[in-house]
Structures are given as structure tokens and as C-alpha cells.
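The lines below spell out each chain.
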Amino acid sequence: LRPCDLQGLWRNELGSNMTLLALDMDGTFSGSYHTAVAATDKQILVSPLQGVLQPPGTKGQQPTFGFTVQWQFADSTTVFVGQCFVDRRGKETLETAWLLREGVPSRRDVWKATSVGTNVFTRLPNKME
Ligand SMILES: O=C1C=CC(=NNc2ccccc2C(=O)O)C=C1
């Protein structure tokens, strides 16, 4: 199975950048997310994320992962689930689906609290290389 290393700098099709740090022994990881799109009058801050990656499976496929972004500029949270894929040229992509939960003032507004979508992340060459 071609290895897919989550660690490093990734960008999604919105232009948001995400840095994933080294995995801990138990598959947990952390990182930071710099959004390119969140509509907010406040200056965009980098937001922390925490995630978990499954251990290698027995079916010769890439393991699944999930992570949560704690947006620092809004009362909202995004959770991503996904899997990494490596093409025959070795190009890695993170195919993800996400749920964005925005805080609402009352249960009457919960119907509009959750958005869903997909994002594909591709690796940005890191400066060290
Ligand atoms: O309060 C908010 C409002 C919009 C946001 N959009 N960013 C996203 C939401 C889902 C998936 C990716 C992103 C992104 O910024 O890349 C984030 C926080």
C-alpha cells in the first residue's frame, strides 16, 4: 500500500490552508486551519484542530480519519471525516466530507444550524524540501 502521510501542509479547493502535525502513537494528531472563506468582519484567525486516524486496515486501503476545527472567530465548529488517496504518480489527496455547526440563539433556529459539504485537500510542497 502506498503510504499516505497526513503530516504537512494541505490546501482545499476553497483555498484554505491546513497544517497537520506529526501523529501521536495512538493515531491522534493536531494542527491548525487557516480559512480562506469564512465571512466575518473580524480579522481571520488561525483555528486549532484535533483529529484521529485509524490504524492501517487489513484490506490494503488507506485508513479513515476525522478531525474537528474549533473556529476562533465564530461560535461554530466544523468536523471533517475522510480518507487519503495516492494516485499512480504518488500525488496525495484528502477526500473529505464536513459538517459545519453554527451557534444559534434558540432551538427554533436549529433547523438552519448545520451545513454539510465536501472538500478535497491537496498537499502543498513544504519549504523544507
Ligand atoms: O463560522 C464559520 C463560517 C464559515 C466557515 N467556513 N469555513 C469552512 C467550513 C466548512 C469547510 C471548510 C471551511 C474552510 O474555511 O475551508 C467557517 C466558520
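None of the values given here were measured: they were computed from a predicted structure.

Colleague: Looking at this model, I keep getting lost on the side chain of S16. Mind explaining?
Modeller: Here S16 lies in the loop between β1 (8–12) and β2 (17–20). Its relative accessible area of 1% is what places S16 among the buried residues. Reaching out from S16, the side chain makes a polar contact with the backbone nitrogen of A36 at a distance of 2.9 Å. Those residues in contact with S16 that sit more than four places away from it in its chain are W10, R11, Y33, H34, T35, A36 and V37.

Colleague: Teacher, can you tell me more about the nonpolar core here?
Modeller: Most often, soluble globular proteins have nonpolar side chains that are buried together. Judged by nonpolar contacts, the single largest core of 20 residues is most densely connected at M18, Y33, L49, F67 and L94. Elements represented by at least two residues in this core include exactly β2, β3 (28–34), β4 (47–53), β5 (64–70), β6 (76–86) and β7 (92–102). When neighbours within four sequence positions are excluded, L94 is seen to be in contact with L6, W10, M18, F65, Q83, C84, N119, V120 and F121.

Colleague: Looking at this structure, how should I read the packing of aromatic side chains?
Modeller: In this description, an aromatic ring pair is defined by two values, namely the gap between the centres and the angle between the planes. One pass over the structure, following the stated rule, counts eight aromatic pairs. Ring geometry for F29 and F67: centres 6.3 Å apart, planes at 65°, overall edge-to-face. With F29 in strand β3 and F67 in strand β5, the pair connects residues that are 38 residues apart, well separated along the chain. Residue F67 is classed as buried on the basis of its relative accessible area of 2%. With a centroid separation of 6.1 Å and 15° between ring planes, the pair formed by F65 and F67 is classed as stacked. Put simply, the rings of F29, Y33, F65, F67, W71, F73, F80 and F121 pair up and form one aromatic cluster.

Each value, and the rule that gives it
Residues numbered from 1 in each chain as written. Predicted model: local features only at pLDDT ≥ 70, side-chain atom pairs only at ≥ 80, totals over all residues. Heavy atoms only, no water. Helix = DSSP H or I, 4+ residues; strand = E, 2+ residues; numbered from the N terminus. Buried < 20%, exposed > 50% of the residue type's maximum accessible area, 1.4 Å probe, protein only. Polar contact = N/O pair within 3.5 Å; in protein donor to acceptor, adjacent residues only side chain to side chain. Contact = heavy atoms within 4.5 Å. Core = buried A, V, L, I, M, F, W, Y, C linked by side-chain atoms within 4.5 Å. Phe/Tyr/Trp six-rings, centres within 6.5 Å; stacked < 30°, edge-to-face > 60°.

Take it as geometry only, folks, not as evidence of what the structure does.
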